[in-house]
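Each chain is listed here by its residues.
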Amino acid sequence: MGSGMTDATPQASTLSGRLTALANPTRFLALADRLVPWLGATALVVVAGGLYLAFAAPEDYQQGITVRIMYIHVPFAWLAMFCYSLMAAAALGTLVWKHPLADVALKSAAPIGAAFTALALLTGSIWGKPMWGTWWVWDARLTSVFVLFLMYLGIIALTRAMDDPGRSARAAAILTLVGFINIPIIKFSVDWWNTLHQPASVFRLDGPTIHTSLLWPLLICALGFTLLFLTLHLMAMRAEIWRRRVIAMRRLSARAAERAAR
Amino acid sequence: MRFAAEDLGGERGGEPVFAGVSFALSAGEALLVTGPNGAGKSTLLRVLCGLLPASRGGVRFSGGGDEWPDMASACHYLGHRNGMKTALSVTENLVFWQDFLGHAHLSPQEALEMVGLGEIGHLPFGYLSTGQRRRASIARLLVSYRPVWLLDEPTSGLDRASEAQFAELMGVHLEDGGIIVAATHLPLGLDGVRELRMGERVE
Amino acid sequence: MLALFLREARLGTRAGSGALTGVLFFLAVVAVIPFGVGPDLNLLARIGPAILWIGALLASLLGLERLFQADRDDGSLDLLLLAGSRHMTALTVFVKCLAHWTVNVLPLVVVAPLLGLFMNVEPTGIMAATLTLAVGTPAITFIGAVGAALAVALPRGGLLVSVLILPLVIPVLIFGVAAARGAIADPDPFLPPFLILAALTLLFAVIGPLAAALALRWSGD
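The structure presented is a predicted model; accordingly, all values stated were derived computationally and were not measured.

Engineer: Can you tell me about the overall build of chain A, naming the residues and giving the values?
Structural biologist: Across its full length, chain A holds seven helices and zero strands. Each helix (α) and strand (β) of chain A, taken in turn from the N terminus, gives the series α-α-α-α-α-α-α. Among the 262 residues that make up chain A, the fraction classed as buried is 49%. Nonlocal contacts in chain A, meaning residues at least 24 apart in sequence, comprise 78% of its contacts between residues at least 6 apart. Only carbon and sulfur atoms are counted for the fraction: they give 71% of the accessible area of chain A, which is about 13200 Å².

Below you can see the structure in the form of structure tokens.
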């Protein structure tokens, strides 16, 4: 499976049956090269616009200036979950369709997801200090996100512990899926354990309860950070593909040296 | 019963180890796999029994009927490691494998006598010497019946006399209509034995 | 399958196995808690069930990484996997988990009442804690099998297994402790968390062996 990335090897014997598999990472690289600058620029513009609107928006009559941290905290929390869902989809891609790009996507998404989750925890904690008077409370939502953060770290640790990309991809995919099945259980149990936090307030069936003047900047910020995430993810995938090619070529040159010595 | 590999290729750690291996064996035939270290003999055997996926080509097994529907169910695999628990006695190990693998053939005591360990079945496996351990794991091939034997260096650690004894066992298995694929340097001295030299066709 | 269970149980009880170590670890963990929080018997009585649960959780993680690694080291794992058409691999994993639980975790449940006495937990609380441990700890073993299967090829996978597993067993801990507390703290209910705990064990008894079998099948090298 790992050799799906080794299209730099001049091996005629394995080439014929693999052309389709090989074409994908190469085509993907070309696509990523073209997309990344545009996507990155759009992301920066949208984030900048969203943040400008966020500061232009009226202050909350209860929370004052501190409400502005919501405009980055909520997108980070959203991305923490979005990234895990993306990884679960990629895990299915690895397990069911054995697509070589899927495991690259899974592996390179994990550190970015962990970073956004950490940022969500950090901003939540900074927001919580003036609100609750303490940096950390063991309320349901913070705790769930913290457990999610631990799961990200577990996946990263597992992918790092194995050097064979094919095997680490399959292991990470299984762990991601088992974790994905567990997320609702964890969420439910943590809610059950502690139901002190205010109920979800952005999307509800009876419409958003926060004022539209606050909602628009929030949505734009969320879109901007999502674009930023996609840019980072494409870049990380590109780096991972190159990394695997470098590994494959090193192996090849080691073996060439061995043949020459014989 | 027919057992064939078609244009088989295998890889390890994402690196191709061998490619283009083809052979076809029917009942009573044996294939010796030879070649230098690193030629992919072990990988080939693991691909044949299905422990590793083939990177290309495939393994065909047919004529096993309902009893042996596929390769994994029809084969004994004897790898480098013996698959025995050192804390259990030799007989306990064999009784377990007979129960678990099914298709009981010889009783553990008979099997141990066939490999010349009839006296020490009660000893913990961990007390045995390397050669005795190997012979005990050969006895595992005898307690449950499987038509196909896949043997990876089966005679490593065996002395001359035991090697000859084992060659005899393999001969009996072939006469019964079994199939053997063995990575070994042991000359079987039997008809219908073919040889597959590895390490030359790759790259 | 009975043969497999007996073999695993026998291996677990013969010399060189870690079953006793787990119990000792459990004793040690529970014994150091009073030194940390002080000898206040009222406090200990209140947090007693939680301490028993945390101690049992940590102790049952010990030795999990050997669940498949021992079989891999001596080559048995290959043969267990090859027999997959005769005995479904997930079922093999399930039986191994049961045997592991019987040998390594059941003793923890057995000594838990004794430790409960040290903590000054009242008799109902001790019974409830023991019952929840008996029902809940299999879930830890089943989900732990996934971690053990994922880390089977890693030479130093023990710590990794614990790190991978701990976030996933938080619900088990929550409902286990909640049920045990519910039996002694009056307004809290006992039955709802206990039933959820049982449901978790049943769910993990399915998910764990299936995922572990998949991981083992793909760990081949």
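Engineer: Go over the packing of helix H7 (residues 123-150) of chain C against helix H9 (residues 191-217) of chain C, please, and point to the residues and values.
Structural biologist: Residues and elements named next belong to chain C. Their axes nearest at 8 Å, the elements H7 and H9 cross at an angle of 20°. Taken as axis vectors, H7 and H9 run roughly parallel relative to one another. H9 is crossed by H7, and the crossing has left-handed handedness. Along the lines of polarity and charge, the residues of the contact of H7 with H9 split into 21 nonpolar, four polar and no charged.

Engineer: Residue-level account of the nonpolar core, with values.
Structural biologist: Core analysis: the biggest nonpolar cluster contains 152 residues, and Phe3(B), Leu48(B) and Leu150(B) have the highest contact counts within it. Residues contacting Phe3(B), with those up to four places away along its chain left out, are Phe23(B), Ala24(B), Leu25(B), Leu48(B), Val59(B), Arg60(B), Phe61(B), Met71(B), Val148(B), Leu150(B), Ile179(B) and Val181(B). Counting 39 residues, the second largest nonpolar core, distinct from the first, contains Ala111(B), Leu117(B), Phe125(B) and Ala3(C).

Engineer: Residue-level account of the environment of His185(B), with values.
Structural biologist: With respect to the helices and strands, His185(B) occurs in the loop between strand S7 (179-183) and strand S8 (193-197). In this structure, the C-alpha to C-alpha distance between His185(B) and Gly35(B), residues 150 residues apart in sequence, is 9.1 Å.

Engineer: Break down helix H6 (residues 89-118) of chain C for me, citing the residues and quoting the values.
Structural biologist: Residue and element names in this part refer to chain C. In this model, H6 (30 residues) spans 43 Å end to end at C-alpha, consistent with the 44 Å of a helix rising 1.5 Å per residue. When the local axis directions of H6 are compared, the greatest deviation, roughly 40°, occurs at Val105, which is followed within four positions by the proline Pro107. Phi turns positive one or two residues past the end of H6, at Asn120, with a value near 65°.

Engineer: Before we move on, can you summarise the side chain of Ser189(A) with the specific residues and values?
Structural biologist: Structurally, Ser189(A) can be placed in helix H6 (residues 165-193). What makes Ser189(A) buried here is its relative accessible area of 0%. Of the polar contacts made by the side chain of Ser189(A), one reaches the backbone oxygen of Ile186(A); its length is 2.9 Å. Those residues within four positions of Ser189(A) in sequence are excluded, and the remaining contacts are Pro171(C), Ile174(C) and Phe175(C).

Engineer: Summarise the sheet that holds strand S3 (residues 30-34) of chain B; cite the residues concerned and give the values.
Structural biologist: Adjacent strands of a sheet form backbone hydrogen bonds with each other and so pair up, either parallel or antiparallel. Residue and element names in this part refer to chain B. With parallel pairing, the five strands of this open sheet are ordered in space as S5-S6-S7-S3-S8. Sheet topology places strand S5 (75-78) and S8 at the edges, where each strand pairs with a single neighbour. Put simply, the sheet's adjacent strands are angled 15° from each other on average, direction ignored. Note: strand S6 (residues 148-152) against S7, five bridges, orientation parallel. From the neighbouring strand, Trp149 faces S7, where its bridge partner is Ile180. Against the sheet, helix H5 (residues 130-143) contacts S5 and S6, and its axis sits at roughly 175° relative to S5.

Engineer: Describe in detail the pattern of salt bridges, supporting the description with residues and values.
Structural biologist: A full pass over the atoms with the stated rule returns 18 salt bridges over all chains. The salt bridge partner of Asp103(A) is Arg244(A), with a shortest N-O separation of 2.8 Å. Placement of the pair is Asp103(A) in helix H4 (residues 100-132) and Arg244(A) in helix H7 (residues 212-261), with a sequence separation of 141 residues. For Arg244(A), a relative accessible area of 5% gives the class buried. Residues joined by salt bridges that share partners form a network here, namely Lys85(B), Arg7(C), Glu8(C), Asp71(C), Asp74(C) and Lys96(C).

How each quantity is defined
- Residues numbered from 1 in each chain as written.
- Chains lettered and ligands numbered in written order.
- Predicted model: local features only at pLDDT ≥ 70, side-chain atom pairs only at ≥ 80, totals over all residues.
- Heavy atoms only, no water.
- Helix = DSSP H or I, 4+ residues; strand = E, 2+ residues; numbered from the N terminus.
- Buried < 20%, exposed > 50% of the residue type's maximum accessible area, 1.4 Å probe, protein only.
- Contact = heavy atoms within 4.5 Å.
- Areas by Shrake-Rupley, 256 points an atom, 1.4 Å probe, with all protein chains shown as cover.
- Axes fitted to C-alpha atoms, helices over the stretch in contact; angles between N-to-C directions.
- Parallel < 35°, antiparallel > 145°, perpendicular 65-115°, else oblique.
- Left-handed = near helix turned anticlockwise from the far one by under 90°.
- Nonpolar A, V, L, I, M, F, W, Y, C, P; charged D, E, K, R; others polar.
- Core = buried A, V, L, I, M, F, W, Y, C linked by side-chain atoms within 4.5 Å.
- Expected span 1.5 Å × (residues − 1).
- Bend = angle between axes of the 7 residues up to and from the residue.
- Polar contact = N/O pair within 3.5 Å; in protein donor to acceptor, adjacent residues only side chain to side chain.
- Pairing = 2+ DSSP bridges.
- Salt bridge = Lys/Arg side-chain N within 4 Å of Asp/Glu carboxyl O.

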